[in-house]
Amino acid sequence: MSGRFVRSSKYRHVFGRPTRKDQCYDNLRVSTNAWDTNLVKVNPKYLAVNWEAGGGGAFAVIPLHERGKLPEKIPLFRGHKAVVLDTDWNPFNDNLIASGSDDGKAFLWRVPEDFTVRPNASPDEIQDIAPVGTLSGHPKKIGHVIFNPAAENILATASGDFTVKIWDIEAGKAKLTLKVGDMVQSESWSANGSLLVTTSRDKKLRFWDVRQERPAHETAGHSGAKNSRAVWLGERDRVATTGFSKMSDRQLALWDIRAPREPINGFKTLDSISGVCMPFWDEGTQCLYLAGRGDGNIRYFELENDKFEYLSEYKSSEPQRGIAFMPKRGVNIHENEVTRAFKTVNDTYIEPISFIVPRRSELFQDDIYPPTTGLKPAMGPAEWFAGKEAIPPKISMASLYDGEGLKEVTGVQEKPTPTSTAPEPKPAEPATVKKAPEPAPESTPLVVRPAPSMKEQGASMAAMVSKFADKEEESEEDENSSFEEVSNPTEPRVRSPVVETPTAQQKVDSKLQTSISQSTPESSSPAAASPVISIAAGNVESAVSTGAAVVADAVQREIETIKALIAEQTKTITAQAQHMQTLAAEVESLKAKLG
């Protein structure tokens, strides 16, 4: 053993690749409003940017293929009477977008066919785009808008009136109202669209049973005075939050929505930078990306066994104020791109950053591209308001790789996928217990059960032999195991002797029956067979008593050896963990000294 443990992961070497300036989206006027949103939203066709515009609010929509320097005047999506604070693309219609504004209204917009930011017209003839729908009901500014990820045409809007309204945009009405009680700082839906998580200025983390219009859970979140963010981790029953401690250190936390009184493993301190961390979850790779608002770094973690394992960090000298991540169906599969970020730079241009898994093969990498959500919703608005819960159908990434378009591979799941926690021990029966041969039908009437003491001894011997064999096999496997598999030798401890005892009795009974059937003619009467049965039982009892003593001694020695091995490995792992913590502390100290 080299003394160094390396965690196995397909994403250990993921790296961020920046884009040349001439391939970025240049000559923009990104909104300088101080409201804390991401400023940018993206889907596989368009990029939406909150725009710094006079005479009311506006945002720009840029087709992704129209890179380079934009004209001085472009068609804007204009209609709000105050600055646009947030936008969100409809997950099931790439041409439909919603916006929220400081004027207290939410608008719905449809991107025209063949839309371009470089129309063949003079600047004076360029026409702005008007909204196709208005959602009125909030008396104060709408700071956040977010579409339901499972149900069609369901929109949540968070307002300065301390409420979140749930809209049926087909009807143009707010049908549900969640009374938060303070300013909402972020909101995120569960994958099946039934629950909503919010963070707010009162430092509370709330998990809303939306259709009941009440929080299912409410708990204390990050204690710092600055804004906190929350993101639902896809189809898991886990939520990640970013925020600040009372000492203004940036923190990361993982929450179990079934018992959210305290975060799992507590609050993890990231650094002492003052900018808000913007979290983004990638369901396909089970990775969390944290982009700092006001700094140029994007660090990413892999969620494993309810712990965020640090992978790497994309570093840039150009800070971002806003950022968006591409949905999985829009990434470049041929380059092994697992996600793509679009960050604002100096409020003048947007730079795409591709996160790539480095591999030499030019074939489709199915292990890093599982099926993902497509454009088909799981339900309509009426079904959702009636209480239905479902996951949208998945599409095959392989079909996108082959140019076959969106190809559905699974049907609607009725419930979210259960949370993946630490792997549980495998059931003992399929792996280690072998069934004894069934007794021959003709010998069944002749079976004479041995005395209870002999049965108990036989069961004990068989159980110990089975455990002895299991430990030998697993200890041999453990010699070549990785750091993640060190705990394997402890697995047999969870096997209950109650499970194995009936099988041992079957083995003893089988030996008796076999001896009887071989020694007793079919025409023999029970009275004639009794001497043979007594002899067979005596032989088995003698064999059991002799073998049990030998095996028990050998098993005891083996158990002591394995216990010593486990203790030694545990000490080694603990020492390595302490060493890693020391190194991490030294690195953080050096970072702090270097500024």
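- In the nomenclature of an unreviewed UniProt entry, the protein corresponds to Coronin from the organism Monascus purpureus.
- Regarding the protein, the UniProt comment filed under Subunit (unreviewed entry) reads as follows: "Binds to F-actin."
- The UniProt entry for the protein carries the following comment under Sequence similarities (unreviewed entry): "Belongs to the WD repeat coronin family."

A look at the sheet that holds strand S22 (residues 250–256)
Think of a sheet as strands paired side by side through backbone hydrogen bonds, with each pair either parallel or antiparallel.
At step 1: Strand order in the open sheet made by the four strands is S20-S21-S22-S23, with antiparallel pairing throughout. Either end of the sheet is taken by a strand with one partner, and the two such strands are strand S20 (229–232) and strand S23 (264–271). Mean inter-strand twist for the sheet, computed between neighbouring axes without regard to direction, equals 20°.

Here we look at the UniProt feature "repeat: WD" (unreviewed entry) in the protein
At step 1: If you check UniProt for "repeat: WD" (unreviewed entry), the listed places come out as residues 77–111, 135–177 and 184–218 in our numbering.
At step 2: In this annotation, residues 77–111 is assigned 0% helix and 63% strand; the end-to-end C-alpha distance for the span is 9 Å.
At step 3: Helix makes up 0% of residues 184–218 and strand makes up 66%, while its end C-alpha atoms are separated by 14 Å.

A short note on the nonpolar core
At step 1: With 58 residues, the main nonpolar core has Leu-47, Tyr-289, Ile-298 and Phe-355 as its most contacted residues.
At step 2: The next biggest cluster of nonpolar side chains, apart from the first, holds 20 residues, and it includes Ile-146, Ala-151, Trp-189 and Leu-196.

Quick notes on the side chain of Asn-297
At step 1: Along the polypeptide, Asn-297 turns up in the loop between strand S25 (287–292) and strand S26 (298–304).
At step 2: Within the structure, Asn-297 has its side chain in polar contact with the backbone nitrogen of Ser-316 (distance 3.5 Å).
At step 3: Apart from residues no more than four positions distant in its own chain, Asn-297 is found in contact with Leu-290, Ala-291, Gly-292, Glu-313, Tyr-314, Lys-315, Ser-316 and Gln-320.

Examining the pattern of salt bridges
At step 1: Summed over all chains, the structure comprises 30 salt bridges.
At step 2: Taking the shortest distance from any N to any O, the salt bridge between Arg-321 and Asp-347 comes out at 2.9 Å. Taken as a pair, Arg-321 in the loop between strand S27 (307–314) and strand S28 (323–325) and Asp-347 in the loop between strand S29 (337–345) and strand S30 (349–356) lie far apart in primary sequence, 26 residues in all.
At step 3: We classify Arg-321 as partly exposed; its relative accessible area is 21%.

As for the sheet that holds strand S13 (residues 154–159)
At step 1: Strand order in this open sheet of four strands is S12-S13-S14-S15, and the pairing throughout is antiparallel. Strand pairing shows two members of the sheet lacking a second neighbour, strand S12 (142–147) and strand S15 (173–179), which therefore form its edges. Adjacent strand axes in the sheet meet at a mean angle of 20° when their direction is disregarded.
At step 2: The pairing of strand S14 (residues 163–168) with S15 spans six bridges and is classified as antiparallel. The residue of S15 that forms the bridge with Ile-166 is Leu-176.

Quick look at the pairing of S30
At step 1: Buried residues dominate S30, accounting for eight of its eight residues.
At step 2: Because side chains alternate across S30, one face comprises the buried residues Tyr-349, Glu-351, Ile-353 and Phe-355, and the other comprises Ile-350, Pro-352, Ser-354 and Ile-356, equally buried.
At step 3: Where strand S1 (residues 15–17) lies against S30, three bridges are found, and the strand directions are antiparallel. Within S30, the residue paired with Gly-16 across the bridge is Phe-355.
At step 4: By the bridge criterion, eight bridges tie S29 to S30 in an arrangement that is antiparallel. When the bridges of S30 are listed, Val-345 appears paired with Tyr-349.

Section: empty space enclosed by the protein
At step 1: This model, assessed by the stated rule, comprises two cavities of 30 Å³ or more.
At step 2: Of the voids in this model, the largest cavity is the one considered here, and its volume is about 40 Å³.
At step 3: As for the largest cavity, its lining consists of Thr-199, Ser-200, Lys-203, Lys-204, Leu-205, Gly-221, His-222, Ser-228 and Thr-241.
At step 4: Of all elements in the fold, only strand S17 (195–200) and strand S18 (204–209) reach the threshold of two or more residues within the lining of the largest cavity.
At step 5: For the lining of the largest cavity, the residue count by class is one nonpolar, six polar and two charged.
At step 6: When its volume is computed, the second largest cavity comes out at roughly 30 Å³.
At step 7: Arg-250, Cys-277, Leu-290, Ala-291, Gly-292, Asp-295, Asn-297, Arg-299 and Glu-313 are the residues that line the second largest cavity.
At step 8: When residues of the lining of the second largest cavity are assigned to their parent elements, the largest contribution, three residues, is made by S25.
At step 9: Here the residues of the lining of the second largest cavity sort into three nonpolar, two polar and four charged.

Remarks on the packing of aromatic side chains
At step 1: Taken as a whole and assessed by the stated rule, the structure comprises 22 aromatic pairs.
At step 2: Centroid distance Tyr-314 to Phe-355: 6.3 Å. Interplanar angle 75°. Geometry classified as edge-to-face. Placement of Tyr-314 in strand S27 and of Phe-355 in strand S30 is noted, with a sequence separation of 41 residues between them.
At step 3: For Tyr-314, a relative accessible area of 9% corresponds to the buried category.
At step 4: With a centroid separation of 5.0 Å and 80° between ring planes, the pair formed by Trp-384 and Phe-385 is classed as edge-to-face.

Some thoughts on the pairing of strand S5 (residues 57–63)
At step 1: With seven of seven residues buried, S5 is to be regarded as a mostly interior element.
At step 2: Here S5 shows a buried face lined by Gly-57, Phe-59, Val-61 and Pro-63 and a second buried face lined by Ala-58, Ala-60 and Ile-62.
At step 3: Remark: five residues form the turn of the hairpin made by strand S4 (residues 46–51) and S5, two consecutive strands paired antiparallel; Gly-55 in that turn has positive phi of roughly 70°.
At step 4: Pairing of S5 with strand S7 (residues 77–80) involves three bridges; the strand directions are antiparallel. Looking at S7, one finds that Ala-58 is bridged to Arg-78.

What counts as what
- Residues numbered from 1 in each chain as written.
- Predicted model: local features only at pLDDT ≥ 70, side-chain atom pairs only at ≥ 80, totals over all residues.
- Heavy atoms only, no water.
- UniProt positions renumbered as here; feature names shortened; annotations may be inferred.
- Pairing = 2+ DSSP bridges.
- Helix = DSSP H or I, 4+ residues; strand = E, 2+ residues; numbered from the N terminus.
- Axes fitted to C-alpha atoms, helices over the stretch in contact; angles between N-to-C directions.
- Core = buried A, V, L, I, M, F, W, Y, C linked by side-chain atoms within 4.5 Å.
- Buried < 20%, exposed > 50% of the residue type's maximum accessible area, 1.4 Å probe, protein only.
- Polar contact = N/O pair within 3.5 Å; in protein donor to acceptor, adjacent residues only side chain to side chain.
- Contact = heavy atoms within 4.5 Å.
- Salt bridge = Lys/Arg side-chain N within 4 Å of Asp/Glu carboxyl O.
- 1 Å grid on protein atoms, 1.4 Å probe; cavity = no way out; pocket = protein on both sides within 12 Å on 5 of 7 lines; lining within 4 Å.
- Points joined across faces, edges and corners; volume = space filled by probe spheres on them.
- Nonpolar A, V, L, I, M, F, W, Y, C, P; charged D, E, K, R; others polar.
- Phe/Tyr/Trp six-rings, centres within 6.5 Å; stacked < 30°, edge-to-face > 60°.

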